[in-house]
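Take a look at the letters that make up each chain.
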Amino acid sequence: MTVENPNRAARQLTRQGKAKEAYEKFQELLADNPDDLVTHRGYVEAAYFAGRLDEVTRHYQSLRKKDGKQALGHYGLALIAVARGPGYMKKGLAEFEQAMKLKPDEPDFPYRVGLLYLMNGEISKAAESL
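**Student:** Even after reading the chapter, I still don't get the layout of surface pockets, so can you show me in this structure?
**Tutor:** Rolled over the atoms, a probe as big as a water molecule pinpoints where empty space is left. One number sums up the size of the largest pocket: a volume of about 470 Å³. The wall of the largest pocket is formed by 20 residues, among which R11, R41, E45, L79 and R112 lie closest to the centre. When residues of the lining of the largest pocket are traced back to their parent elements, those giving at least two are α1 (6–15), α3 (37–50), α5 (70–84) and α7 (108–119). Ranked by residues supplied to the lining of the largest pocket, first place goes to α3 with seven residues. Within the lining of the largest pocket, the residues separate by chemical class into 11 nonpolar, three polar and six charged.

Shown next as structure tokens:
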């Protein structure tokens with residue numbers, strides 16, 4: 001018997017046009033495992049489609065002030081910048097770089113920086129991060 005991945009199930013709700021339900025599910029998942037980066041990515045995606053980015057922005061801004069959660073705050077704000085679109089790339093890069101400084105051993109942070117550079121067509125800078 002296969003147990004379905006809860007993040008995958010929640011993202012499927014987003015894809016089915018049920019972003020509000022997905023958003024609520026991701027909030028539950030974050031309550032159970034607040035450090036899971038996959039859940040944070042799904043949470044921001046669901047928030048984008050549910051029209052809740054401003055609310056989620058406040059959440060991540062508050063995390064930047066909590067001991068041990070600052071990197072997650074910057075990570076979330078970077079994801080939000082990416083969700084907002086190309087005009088927010090510099091903001092996203094700055095937030096990812098701050099997250100990397102706070103948690104240098106997290107491999108997802110430089111990977112996300114590299115993806116942003118790729119999205120912007122800056123292949124040589126992307127290669128440095130990837």
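Don't stop here, the text continues.
**Student:** So what exactly am I meant to see when it comes to the packing of α5 against α7 here?
**Tutor:** Taken N-terminus to C-terminus, the directions of α5 and α7 make an angle of 20 degrees; their axes are 12 Å apart at the nearest point. Relative to α7, the element α5 lies roughly parallel. Note that α5 runs across α7; the crossing there is left-handed. Residue-level contacts link A71, Y75 and V82 of α5 to D108, F109, R112, L116 and M119 of α7. Taken together, the residues of the contact of α5 with α7 sort by class into six nonpolar, no polar and two charged.

Reading guide: rules and limits
Residues numbered from 1 in each chain as written. Predicted model: local features only at pLDDT ≥ 70, side-chain atom pairs only at ≥ 80, totals over all residues. Heavy atoms only, no water. 1 Å grid on protein atoms, 1.4 Å probe; cavity = no way out; pocket = protein on both sides within 12 Å on 5 of 7 lines; lining within 4 Å. Points joined across faces, edges and corners; volume = space filled by probe spheres on them. Helix = DSSP H or I, 4+ residues; strand = E, 2+ residues; numbered from the N terminus. Nonpolar A, V, L, I, M, F, W, Y, C, P; charged D, E, K, R; others polar. Axes fitted to C-alpha atoms, helices over the stretch in contact; angles between N-to-C directions. Parallel < 35°, antiparallel > 145°, perpendicular 65-115°, else oblique. Left-handed = near helix turned anticlockwise from the far one by under 90°. Contact = heavy atoms within 4.5 Å.

The analysis is restricted to geometry; functional conclusions fall outside its scope.
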